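# Coordinate inspection notes
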Amino acid sequence: MDRMDSEGPGAADAARNDPLVQLSLDQLRRRTSMKWRAFPGDVLPLWVAEMDVPLAPAVAAALHEAVSLGDTGYPYGRAYAEALAAFARERWHWDGLRVEHTAIVPDVMMGVVELLRLVTEPGDAVVVCSPVYPPFYAFVSHDGREVVEAPLGPGLRIDPDALEEAFVRARGDGRRGAAFLMSNPHNPTGVVHTRAELAAVAELARRHRVRVVSDEIHAPLVLAGASFTPFLSVPGAENGLAVTSASKAWNLAGLKAAVAFAGPEAAADLRRLPEEVSHGPSHLGVIAHTAALRSGREWLDDLLTGLDANRRLLGQLVEQHLPGVGYRPPEATYLAWLDCTALGLHDDAADGPGVVSELAGPARMFLDRARVALSSGHVFGTGGAGCVRLNFATSPAVLREAVERMGRAIADR
Ligand SMILES: Cc1ncc(COP(=O)(O)O)c(C=O)c1O
């Protein structure tokens, strides 16, 4: 089950280029990264956000060149930021990313922490829209800021009323500073915020004196039918900060590097970033991410085609095998948020948000009975209990096998 079945006209051609069908399960099981090592060999791992793809050839070539030259020193220069600015112009029709208003940072989450440090003090509040990427809780609270939740609203989209209420609570009647840490697009729902939604966020944030830090790591992974809006491109967001990288879209989490960037009114804040922070990214990481953004665009398009097919296949499989489970196809990312509350499984091990590897409720059941590893919804905060996050950046064959196993586990309960 390591190859995609041919389905329909043109499927063979699409499969030839689809990065998701190029590695066999045997090859993937030889990997030593978290996704493939955290669970025993009989488990299909569809949890942490790593993809079952080979390296994009442009990235592999850049790394091979660096290795052959022994080019393994410290990172230098602005090539990564320049590649990102060019990518933003081509893909997002945005030419507002000023290279002089950027800084390289070790990875997106360390970038998030450093940006939050620039605009909040210990004891201040950081608002997040729950359910959301669990490290938003862990990293923020470990850094001495209080997390304040603004639960997502109808359609799992940002709820402006809940956000405003959270901003008021976060500011504590103006007694403390606050920031809004946004996932744009949103992990785990795959929602792509619209320009109007982002403009409303910017307006609310200005009115309540809340600084926005936009995590845009999933931005290159917007699928057919949606388009990405950089937060800093909307009116009112001039004092915003953002951070992104090629890590999710080209599967480069092991090659650490990311870019933080500032709107014109936040450029002075970004200049206060301690110099040592930009010594943290790996030079090989910078080389790989730069090559991805510059020369890995065709590969990305092939990937997006495969992910689009997988999100549709998942819809069919859920309907066929997982009765009662809710699935709203994501507009971006390779993450599917499955609402399993109708299965009536309690999250009795739930310890609160943040601990990525903890399993409870349906995720525990699917691991024990189906031998499929998913991310447990409760670690994504309020609104997450009873849900699971499934990573569909794998071959259609693995996806089919996993959902069939999950269906049998539900039927045999
Ligand atoms: C929203 C979001 N931010 C950050 C990260 C992690 O990025 P990094 O490994 O660069 O810290 C992820 C990884 O899945 C993510 O989904």
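The rules behind each value
Residues numbered from 1 in each chain as written. Predicted model: local features only at pLDDT ≥ 70, side-chain atom pairs only at ≥ 80, totals over all residues. Heavy atoms only, no water. Near = heavy atom within 4 Å. Polar contact = N/O pair within 3.5 Å; in protein donor to acceptor, adjacent residues only side chain to side chain. Areas by Shrake-Rupley, 256 points an atom, 1.4 Å probe, with all protein chains shown as cover. Pairing = 2+ DSSP bridges. Helix = DSSP H or I, 4+ residues; strand = E, 2+ residues; numbered from the N terminus. 1 Å grid on protein atoms, 1.4 Å probe; cavity = no way out; pocket = protein on both sides within 12 Å on 5 of 7 lines; lining within 4 Å. Points joined across faces, edges and corners; volume = space filled by probe spheres on them. Nonpolar A, V, L, I, M, F, W, Y, C, P; charged D, E, K, R; others polar. Domains from an automatic or database assignment. Contact = heavy atoms within 4.5 Å. Buried area = accessible area lost by both parts, 1.4 Å probe. Salt bridge = Lys/Arg side-chain N within 4 Å of Asp/Glu carboxyl O.

## Regarding the site of the ligand
If you check the shell around the ligand, you find A49, D107, V108, M109, Y133, S183, N187, D215, I217, H218 and K248 and nothing else. One nitrogen or oxygen atom from the side chain of D107 is found 3.5 Å from an oxygen atom belonging to the ligand. One of the side-chain N or O atoms of D215 is found 2.5 Å from a nitrogen atom in the ligand. Isolated, the ligand exposes 400 Å² of accessible area, and the fraction of that covered by the protein chains is 93%.

## Looking at the sheet that holds strand β12 (residues 375-376)
Strand pairing in a sheet relies on backbone hydrogen bonds. The paired strands run either parallel or antiparallel. Across the sheet, four strands lie side by side as β9-β10-β13-β12; this open sheet has antiparallel pairing. Across the chains shown, the open sheet's two edge strands, defined by having one partner strand only, are β9 (326-327) and β12.

## Things to note about the layout of surface pockets
Empty space within the largest pocket amounts to approximately 890 Å³. Taken together, 39 residues line the largest pocket, and the ones lying closest to its centre are A49, Y133, S247, K248 and A253. Residue assignment for the lining of the largest pocket shows that the elements contributing at least two residues are α6 (108-119) and α7 (135-142). No other element matches the three residues that α6 contributes to the lining of the largest pocket. Taken together, the residues of the lining of the largest pocket sort by class into 22 nonpolar, 10 polar and seven charged. Residue-level mapping places the lining of the largest pocket at the junction of two domains, with at least three residues from each of domain 1 (3-56 + 298-412) and domain 2 (71-295). Approximately 490 Å³ is the volume attributed to the second largest pocket. In terms of lining residues, the second largest pocket is bounded by 20 residues, among which G77, T102, A103, I104 and S278 are the most central.

## Regarding empty space enclosed by the protein
Applying the stated rule across the entire model yields two cavities of 30 Å³ or more. Taken as a whole, the second largest cavity holds about 30 Å³ of empty space. Listed by contribution, the elements that provide at least two residues to the lining of the second largest cavity are α9 (195-207) and β6 (210-215). Ranked by the residues each element gives to the lining of the second largest cavity, the list is headed by α9, at three residues. Across the lining of the second largest cavity, the residue classes break down as six nonpolar, three polar and one charged.

## Comments concerning the domain arrangement of the protein
Here the protein is partitioned into domain 1 (3-56 + 298-412) and domain 2 (71-295). When each unit is reduced to the centre of its C-alpha atoms, the spacing between domain 1 and domain 2 is 26 Å. Each partner contributes residues to the interface: domain 1 has 34 residues there, and domain 2 has 35 residues. With both sides pooled, the region where domain 1 packs onto domain 2 buries about 2,800 Å², and carbon together with sulfur makes up 62% of that total. Between D301 and R91 there is a salt bridge; the shortest N-O distance is 3.0 Å. Seen at the junction of domain 1 and domain 2, the total is 15 residue pairs in polar contact (both at pLDDT 80 or more). Looking at the side of domain 1 that touches domain 2 element by element, the count peaks at eight residues for helix α12 (residues 297-321).

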